Amino acid sequence: MDTNCIFCRIIRGEIPVSKLYEDSQVIAILDINPIRPGHTLLIPKKHYASLSELTPAEQVTWLQPLDKLSRAIVRGTGSEGFNLLLNNGRCAGQVVPHLHIHIIPRKNDDEVSFHWNPRPYPPGLIEKTLNQISNHLVR
Ligand code: 5GP
Ligand code: ZN
């Protein structure tokens, strides 16, 4: 537990939240500034800043409620789909340094935009990138 972390404080019950789900390992709460109503954060109770700090067993446990939650969120908000978003690191938009995954319910024509800017690889770069990443894959 990190005394100054906002999510640790929420988990300790020090800050009121709209709690959707809780078990011994995780908590799911409604985001206070939703992209759409029903936008939910699934948060492991232990203070980990990043995905790579969890053990493989913890990674599985943490993500277990995801399917149940996302189906309830989609049905409960009359949505048609959802985005999962994990901002890992400040450069990726992570503001709260306590691991969490966003579940964002979506509807056709909901006018939500994420401003990604995808572009094709220039010649040769896809092979080089594949090699660079593969070299760092551990069993
Ligand atoms: P990040 O950018 O770190 O992935 O997202 C952090 C999220 O936590 C933001 O979407 C923000 O609205 C949400 N958040 C921050 N503080 C609180 C809070 O006190 N209560 C709730 N329910 N959500 C919060
Ligand atoms: Zn924390």
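In case you missed it, the structure is sitting above this.
The model shown is predicted, which means the values in this text are computed figures rather than measured ones.

**Q** Lay out the overall build of the protein in plain terms, naming residues and giving numbers.
**A** From N to C terminus, the protein includes 4 helices and 5 strands. Mapped in sequence order, the helices and strands of the protein form the string α-β-β-β-α-α-β-β-α. In terms of overall dimensions, the protein has C-alpha extents of about 50 × 40 × 25 Å along its principal axes. Long-range contacts, defined as pairs at least 24 residues apart, comprise 52% of the intrachain contacts of the protein with a sequence gap of at least 6. As presented, the protein carries roughly 9,600 Å² of accessible surface, and 55% of it is formed by carbon and sulfur atoms. Considering the protein, the positive charge centre built from 15 side chains and the negative charge centre built from 13 side chains are found 3 Å apart.

**Q** Can you explain the coordination of the zinc ion (ligand 2)? Please cite residues and give values.
**A** Around the zinc ion (ligand 2), the protein supplies Cys5 (SG), Cys8 (SG), His47 (ND1) and His98 (ND1) as donor atoms, at distances of 2.0 to 2.3 Å. What the 4 donor atoms of the zinc ion (ligand 2) show is an angle range of 106 to 118 degrees at the metal, which sorts the shape as tetrahedral. Counting gaps between the donor residues of the zinc ion (ligand 2) yields the pattern C-x2-C-x38-H-x50-H. You can see cysteine 8 sitting in helix α1 (residues 6–11) and its partner histidine 47 sitting in the loop between β3 (40–44) and α2 (56–63), a full 39 residues away along the chain. For histidine 47, a relative accessible area of 24% translates into the label partly exposed.

**Q** If you had to explain the side chain of asparagine 87 to someone new, which residues and values would you point to?
**A** With respect to the element layout, asparagine 87 can be found in the loop between β4 (81–85) and β5 (101–106). With a relative accessible area of 14%, asparagine 87 lands in the buried category. If sequence neighbours within four positions are ignored, asparagine 87 has contacts with Ala92, Gly93, Gln94 and His102.

**Q** Tell me about a nonpolar patch on the surface, residues and numbers included.
**A** Together, Tyr121, Leu125 and Ile126 give the surface a local cluster of nonpolar side chains, amounting to about 280 Å² of exposed area. Inspection of the secondary structure puts tyrosine 121 in the loop between β5 and α4 (125–134). What makes tyrosine 121 partly exposed here is its relative accessible area of 47%.

**Q** Outline the nonpolar core, supporting the account with residue identities and numerical values.
**A** Formed by Val26, Ala28, Leu42, Tyr48, Leu54, Trp62, Leu66, Leu69, Ile73, Leu99, Ile101 and Ile103, the largest nonpolar core amounts to 12 residues. Every element with two or more residues in this core is listed here: β2 (26–30), α3 (66–76) and β5. It is α3 that contributes the most residues to this core, 3 residues altogether. Setting aside its immediate chain neighbours within four residues, tyrosine 48 contacts Glu53, Leu54, Glu58, Pro97, His98 and Leu99.

**Q** Could you give an account of the site of ligand 1, naming the residues involved and the relevant values?
**A** Taken together, 16 residues surround ligand 1, and among them Asp31, Gly93, Val95, His100 and His102 come closest. Between ligand 1 and the protein, one listed contact pairs an oxygen atom with a side-chain N or O atom of asparagine 87 at 2.9 Å. A distance of 2.7 Å is found between an oxygen atom of ligand 1 and a backbone nitrogen or oxygen belonging to valine 95. Within the complex, 83% of the 520 Å² of free accessible area of ligand 1 lies under protein. Judged by the proximity of its atoms to the pocket grid, ligand 1 belongs to the largest pocket.

So, how was this worked out
Residues numbered from 1 in each chain as written. Chains lettered and ligands numbered in written order. Predicted model: local features only at pLDDT ≥ 70, side-chain atom pairs only at ≥ 80, totals over all residues. Heavy atoms only, no water. Helix = DSSP H or I, 4+ residues; strand = E, 2+ residues; numbered from the N terminus. Contact = heavy atoms within 4.5 Å. Areas by Shrake-Rupley, 256 points an atom, 1.4 Å probe, with all protein chains shown as cover. Lys, Arg positive; Asp, Glu negative; His and termini not counted. Charge placed at Lys NZ, Arg CZ, Asp CG, Glu CD. Donors = N, O, S within 2.8 Å, 3.2 Å for Na, K, Ca; no water. Tetrahedral: all angles 85-135°; square planar, octahedral: opposite > 155°, others 65-115°. Buried < 20%, exposed > 50% of the residue type's maximum accessible area, 1.4 Å probe, protein only. Patch = residues over 30% accessible without salt bridge, like charges linked within 9 Å, V, L, I, M, F, W, Y side chains within 5 Å. Salt bridge = Lys/Arg side-chain N within 4 Å of Asp/Glu carboxyl O. Core = buried A, V, L, I, M, F, W, Y, C linked by side-chain atoms within 4.5 Å. Near = heavy atom within 4 Å. Polar contact = N/O pair within 3.5 Å; in protein donor to acceptor, adjacent residues only side chain to side chain. 1 Å grid on protein atoms, 1.4 Å probe; cavity = no way out; pocket = protein on both sides within 12 Å on 5 of 7 lines; lining within 4 Å. Sits in = over half its atoms within 2 Å of the grid points.

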